[in-house]
Structures are given as structure tokens and as C-alpha cells.
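# Working through the structure, step by step
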Amino acid sequence: MTSYLRENHRSLPAYVPGTHEEGNDVIRLNTNESPFPPSASVLEAIAAESTRLNFYNDPDCTDLIQALSRKEGVEPENLVAGNGSDQVLQLAFLAFAGPDCPIVLPDITYSYYDLFAVLYEIPLRRIPLREDFRICPADYSRAGGMIVFPNPNAPTGLALTRAEIAGILEANPDHVVLVDEAYVDFGAETVVPLIRTFPNLLVVRTFSKSGSLAGIRLGYGMGSPELIADLARIRNAVDLYGVNRLAQAAGAAACRDWSYYAQNCRRIMDSRAHVTEALGRLGFTVLPSQGNFIFARPAAVSAAFVKEKLSERGILVRHFRGGRTEDWLRITIGTEAEMQQLVDACRDLVTSGKE
Ligand code: PMP
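For the structure given in this document, a descriptive report is provided here. (Residues numbered from 1 in each chain as written. Predicted model: local features only at pLDDT ≥ 70, side-chain atom pairs only at ≥ 80, totals over all residues. Heavy atoms only, no water.)

What follows is about helix α4 (residues 84–96). The first and last C-alpha atoms of α4 sit 19 Å apart over 13 residues, in line with the 18 Å expected at 1.5 Å per residue. Most of α4 is tucked away, with ten of its 13 residues classed as buried. Turning to α4, its buried residues number three or more, namely G84, S85, D86, Q87, V88, L89, L91, A92, F93 and F96. (Helix = DSSP H or I, 4+ residues; strand = E, 2+ residues; numbered from the N terminus. Expected span 1.5 Å × (residues − 1). Buried < 20%, exposed > 50% of the residue type's maximum accessible area, 1.4 Å probe, protein only.)

Written as C-alpha cells, this is what we have:
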């Protein structure tokens, strides 16, 4: 660290992503990606667009926004795109929170929120999840800052209902409520219909999970036209060309081919039900997830041990060390064959496992 680095940034916590290993002998169940490749029409759109990479991209993402508008049943004015949903989240933090407007969030949640808050010098108010790992909506009445949470939450996979979120929106008319719907396509109830009623609602989505496009970096926000105009103002100041040509073309094609992706989501949800049951039979406690991952606690052996042993067999899962997550593993739902390998490996570990 040099002496030039600003004092505030010295305490920036390092975000620890899931280990990045790829290859035929590695099963990646640690970063909540889709195990399914993009559809043929998306690959064709990317190839066609690549011949025009000498030209700047459309900063307004016109075609993508049109396609999203049709897919989501909202107006183009309700939409803004970003370079991954992480960028949309950052823009929202920049736009709607600050030293005098804290971020209010669950104590166990997507850890990147913390990082953005430190970076932008925004105070954080953490609200503990209940004993059963659920968010208690009543804890967010008059929160006194911008509220941020994923629905379903990560890494627990537990979701609030639309009615519960409407209650939070009603109780906080003076602040933005950001609902991060990164995993909503795997069974939770979307709050998009509420954007007509609540001018303080911002819904954030990503193509990285259900859309099989984690590597292209594409996300979007939905909200009232005024809220979206505020976000676009910040986006245009920070990163006007942030959504590159390939991402725009791929995203538009994916929207137009969504039945392929919806089908993949159904496969993941079926697989999730099977794995939840199979691990349950092996003594694991598995929360009822509505994401493309499960949060599971092994019984006789520690989570750290299971993670290590799985990793030796080329199966990568996520373990968040310390506190209430110490005993738990977050396991992404992969293909049916990958999940069978995971269950078989876990069976070996719990039957023969000695720490
Ligand atoms: N929100 C949540 C809750 C996530 O888990 C993730 C992915 N790690 C993101 C946002 C970021 O997604 P993207 O790839 O679109 O930046």
C-alpha cells in the first residue's frame, strides 16, 4: 500500500470471490453461475456483433432496453442497464446513499454491499437475521436510510413475499428500497409490479445467473421513470459506455429467447429439490432455498472439513468463515450429473469421515 492511497480506502475489505478454477475435472458449485451455456441465438448475436467492435456501443442500450421492456412488461423509461448488476448496485449507492444517508441491510447477505459502502464512505446499519436466518420485515420499519437486500437473500436462499416487501416500502417513503433480484427466477415472487405504486422501489437484476451470461457482465435496474433517470445520470457520468456491444447484443437475444432460460431454471429448481432431499437424508440441515444454490449444514463433520474434502475431489463449494455462517456451506445447483457427484461425495464423507 502506498502513502498516496486515501485514508478511507486503506480499510477497504478485500472481497473474496469463489476460487476461480476451470477445467474438465473441476465442478464449480461455488459462484452461483448457470451450468448451462448461452442459447444458440445468443451465441449467434455475439458473433454478428463482434464484427462491429470498431464502433462505440450505444450508450442508451436502445435495442436491449426494448427487448427487456417486452420481457418484463414495463416501459423503457422504467429500465436502465449496467456493466453487471454490481455496477447498477454501485450506481444506486452513489445516487441514493451517502454520509448522511446510511445503507440499512441484513447482517448476513451479499458481501459486496459492504465494500461499496466503505468505498463511498457510506455508514452501514446491519439488522440481524432472525434465529431461523429469515429477514424480519418489521425490523425495517422506518429504517432511516437506504434499504438494500437480495430477494431471495444470499447465501441463505430464503425469500420474502411481495406483500412483505410492500410493507417495507410503505414504511420507508423517504428512502430508496433496493431489492436485488439476482436469484428471483428460481422461484421467489418478483416485486416488479410494485414499481408503479412505489416511487422509492428499485429492483436490480442480473443476466449472470438465470441468463447464463456471468462472463459478459450485464445487469439492469427497474423503477419509476424518475428514479431511473437519476441512476442514468450517475451512470452517464461514471461509465457512459459501460455496457459493451457484445453484452447488449447477447442480453437482447437472451430476452427474445427466454423460454430456453426459463426451462433451465425449471431444471435447476427440480435439481434443487432432489439435492435438498438427498442431503437431508445424509443428516444435513438444508434451508428451503429459492435461489440456484442451497445453504446446508452438515451434521457429524464441520462445514470447513466438508469444503476441504470436496475440493480435493474437484468439487468447489463456498464456505463463509466465522460467525453464524461458520457451520454452513453454500452450494450452487449445477447439472443433474454434477449434483449426483456432489451427493455421492457427501455420502462418502459422512459415512467414512473423520476430521
Ligand atoms: N447480487 C447478488 C445477491 C449476487 O449474489 C451477485 C453475484 N455474486 C450479484 C448481485 C452480482 O451479479 P453480477 O454478476 O451481475 O455483477
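Turning next to the site of the ligand. Near the ligand the following residues occur: G84, S85, D86, Y110, P150, D180, A182, Y183, T206, S208, K209 and R217. Here S85 contributes a backbone N or O atom positioned 2.7 Å from an oxygen atom of the ligand. Take D86: an N or O atom from its main chain is 3.0 Å from an oxygen atom of the ligand. In isolation the ligand has 400 Å² of accessible area, and contact with the protein removes 91% of it. The element best represented in the shell around the ligand is α4, accounting for three residues. (Near = heavy atom within 4 Å. Polar contact = N/O pair within 3.5 Å; in protein donor to acceptor, adjacent residues only side chain to side chain. Areas by Shrake-Rupley, 256 points an atom, 1.4 Å probe, with all protein chains shown as cover.)

Counting residues in hydrophobic clusters, the biggest one holds 55 residues, and the most contacted among them are V42, F133, I147, F149, L201, F207 and M222. In terms of residues, this core owes the most to one element, helix α8 (residues 245–256), which gives seven residues. Two domains each donate at least three residues to this core, and these are domain 1 (7–36 + 259–352) and domain 2 (40–257). Setting aside residues up to four positions removed in sequence, F207 forms contacts with L68, S212, L213, A214, L218, Y220, G251, A254, C255 and W258. (Core = buried A, V, L, I, M, F, W, Y, C linked by side-chain atoms within 4.5 Å. Domains from an automatic or database assignment. Contact = heavy atoms within 4.5 Å.)

The next thing to look at is the sheet that holds strand β12 (residues 329–332). Read across the sheet, three strands follow the order β9-β10-β12 without closing on themselves; strand pairing throughout is antiparallel. Whereas interior strands pair on both sides, the edge strands pair on one side only; in this sheet they are β9 (285–286) and β12. With four bridges connecting them, strand β10 (residues 293–297) and β12 associate as antiparallel partners. Looking at β12, one finds that F293 is bridged to T332. Lying over the sheet, helix α9 (residues 258–281) contacts β9, β10 and β12, oriented at roughly 10 degrees with respect to β10. (Pairing = 2+ DSSP bridges. Axes fitted to C-alpha atoms, helices over the stretch in contact; angles between N-to-C directions.)

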